[in-house]
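Understanding the architecture of this molecule
Residue-level listing of the chains:
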Amino acid sequence: MRIGDTGKVRTRGKGRSTAVLAAGATLTVLCGCTVQASDGERHSPVHIEVPSGAPSVKSAPPDDKPPSAPAAAAPVVLWQSGDTGRDVRELQARLRQVAWLFDGPTGIYDDLTERAVKGFQGKRGLPETGRTDQATWDRLLKMTREPGMWDLYLMGGQPADAPDARCLTGRVLCISKTSRTLRWMVDGRTVVEVPVRFGSQYTPTREGEFTVYWKSRNHVSTLYDSAMPYAMFFSGGQAVHYSSDFAARGYAGASHGCVNVSDERAIALMFAEVQNGDKVVVHW
C-alpha cells in the first residue's frame, strides 16, 4: 500500500510540474521574453500586433462641404481709352446718332468718347465704366443704324485715293471728288494732303483741268458775304480756300461751289507755295 501511495503521490507531483511549466511558457509568450525550450536552445519571442484605435486617413469621412461657385467672368471690353481705328470711328458715329457725342468721329477713343460712353451706360442701367464692353455695344447697335462713309469721316481723316494721271507731272492741286481729298503735288510727289468739301447739288464744283489765275489772302465773297481766306481761284468764282464752317461742321454742310479746306495750317502752307499758272485737276 505504501508503495502504491508513493507512486500516486509522485504521479500527482509530476502533473503539477507540467502544469507549472505550461503556465510559465504562456506567460513568457505574452510578456515577450526569450523562451528556453527543454532542449536548451533559445528561441525568439512571438510578436503580437494590437490594432490601433485611431482611424487611418483613408478611412476619414468625406467632406460634405459643396464646391464653391466659380467667379463670374469679367465683361469683355471691346474698346477703351487710347484705342484707335475704324471700329472706334463707328462707335463714335453711332454715339452721335443718339446725341451722346457731338464731335468727331476722329477714330481716337479720347476723353470725350469715354464720357459719352459712360453717359450712355448710365442711362441704360449698365455699369458706368466708360469702356465699351459687349453689353454696351449690343445695346447701341439696337438703337442706331449702320453709319455711311461720310458719317465715319464727317470731319475728315479719310484716306486719299490714287491721283489722276494728269496730276503726275508738274505742279498740281489734285482734287478727288471720290475720296474728298486734295493733294498738292510736285512732279508726282505729294507734298500736302488734306480733306476737302465741295458744293451742293445746286451749286456743284466744276470738274476738269484748270489753272490758278488769282490768289487772294484775305478774300471775302461779294456774292455770299462770307470770308474766303487763302483763296486760290481756278474757275470763275470757284476757288480752293479755308472754311471755318467746314472746320466746325464737317460734311454736314456744303460750299457754294468752292473747294473748302478745314486745315488752316495746311492751306496756309499751300498758299505760300502755289503760284499763278499752276495746274488744278478736279476728278472723280
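Residues numbered from 1 in each chain as written. Predicted model: local features only at pLDDT ≥ 70, side-chain atom pairs only at ≥ 80, totals over all residues. Heavy atoms only, no water.

**Section: the pattern of salt bridges**
Any two side chains of opposite charge can pair, given that their charged atoms come close. Counted by the stated rule, this structure contains 10 salt bridges. We note a salt bridge from Arg171 to Asp278, for which the minimum N-O separation is 3.2 Å. Of the two residues, Arg171 is situated in strand S5 (residues 171–176) and Asp278 in the loop between helix H7 (264–273) and strand S13 (279–283); the sequence distance between them amounts to 107 residues. Residue Arg171 is classed as partly exposed on the basis of its relative accessible area of 30%. Here the residues in one salt-bridge network are Arg86, Glu90, Arg94 and Glu146, joined through shared partners. (Salt bridge = Lys/Arg side-chain N within 4 Å of Asp/Glu carboxyl O. Helix = DSSP H or I, 4+ residues; strand = E, 2+ residues; numbered from the N terminus. Buried < 20%, exposed > 50% of the residue type's maximum accessible area, 1.4 Å probe, protein only.)

**Some remarks on the side chain of Asn260**
For Asn260, the location among the structural elements is in strand S12 (residues 259–261). Looking at Asn260, its side chain comes within polar contact range of the side chain of His241, at 3.3 Å. Excluding residues that lie within four positions of it along the chain, Asn260 makes contacts with Pro195, Val196, Arg197, His241, Ser243, Phe246 and Ser255. (Polar contact = N/O pair within 3.5 Å; in protein donor to acceptor, adjacent residues only side chain to side chain. Contact = heavy atoms within 4.5 Å.)

**Some points on unusual backbone geometry**
Geometrically, the link from Gly104 to Pro105 is a cis peptide bond, its omega value of 0° lying close to zero. Along the chain, the position of Pro105 falls in the loop between helix H2 (86–97) and helix H3 (111–123). Of note in this structure, Ala99 is not a glycine but carries a positive phi near 60°. Residue placement: Ala99 occurs in the loop between H2 and H3. The phi angle at Asp225 is positive, at roughly 55°, despite the residue not being glycine. Residue position: Asp225 is located in the loop between strand S9 (214–220) and strand S10 (227–235). The exposure class of Asp225 is exposed, given its relative accessible area of 66%.

**Here we look at the packing of aromatic side chains**
Summed over all chains, the structure comprises seven aromatic pairs. Between Trp214 and Phe233, the aromatic rings sit 5.0 Å apart at their centres with planes inclined by 15°, giving stacked as the arrangement. In this pair, Trp214 is assigned in strand S9 and Phe233 in strand S10, connecting sequence segments 19 residues apart. Looking at Phe233, the relative accessible area reads 5%, which means it is buried. Ring centres of Tyr230 and Phe271 lie 5.8 Å apart, and the angle between their planes is 70°; this geometry places the pair in the edge-to-face category. Of the two residues, Tyr230 sits in strand S10 while Phe271 sits in helix H7, which places them 41 residues apart along the sequence. (Phe/Tyr/Trp six-rings, centres within 6.5 Å; stacked < 30°, edge-to-face > 60°.)

**Quick notes on H3**
Along its 13 residues, H3 runs 18 Å from first to last C-alpha, staying within 8% of the 18 Å computed at 1.5 Å per residue. The complete set of buried residues in H3 reads Thr113, Ala116, Val117, Phe120 and Gln121. Axial view of H3: buried residues confined to an arc of 135°, hence all on one face. For H3, the exposed residues set more than 90 degrees away from the buried face come down to Arg115 and Lys123. Buried residues along H3 sit in contact with H2, strand S4 (132–133) and helix H4 (134–143). Immediately beyond the C-terminal end of H3, within one or two residues, lies Gly125, with a positive phi of roughly 75°. (Expected span 1.5 Å × (residues − 1). Arc of directions from axis to C-beta.)

**With respect to the pairing of S9**
Side-chain direction in a regular strand flips from residue to residue, so the side chains alternate between the two faces of the sheet. Alignment of S9 against S10, held across six bridges, turns out to be antiparallel. Paired with Ser216 across the two strands is Ala231, which belongs to S10. In textbook terms, the turn of a hairpin is the stretch between consecutive antiparallel strands, and for S9 and S10 this stretch comprises six residues, one of which, Asp225, has a positive phi near 55°. (Pairing = 2+ DSSP bridges.)

**A few points about the packing of H2 against H3**
At a closest axis distance of 11 Å, the pairing of H2 and H3 adopts a crossing angle of 55°. Judged by the angle between their axes, H2 and H3 are oblique. When the axes of H2 and H3 are compared, the crossing they make is left-handed. Contact residues: Leu91, Gln92 and Leu95 in H2; Thr113, Ala116, Val117 and Phe120 in H3. In the contact of H2 with H3, the residues fall into five nonpolar, two polar and no charged. (Axes fitted to C-alpha atoms, helices over the stretch in contact; angles between N-to-C directions. Parallel < 35°, antiparallel > 145°, perpendicular 65-115°, else oblique. Left-handed = near helix turned anticlockwise from the far one by under 90°. Nonpolar A, V, L, I, M, F, W, Y, C, P; charged D, E, K, R; others polar.)

**Here we look at the state of the cysteines**
A full pass over the atoms with the stated rule returns one disulfide. A disulfide bridge connects Cys167 with Cys174, and the sulfur atoms are separated by 2.1 Å. Here the disulfide of Cys167 and Cys174 is right-handed, its torsion about the S-S bond being about 80°. Taken individually, Cys167 and Cys174 each receive the classification buried, so the pair is uniform in this respect. (Disulfide = S-S within 2.5 Å.)

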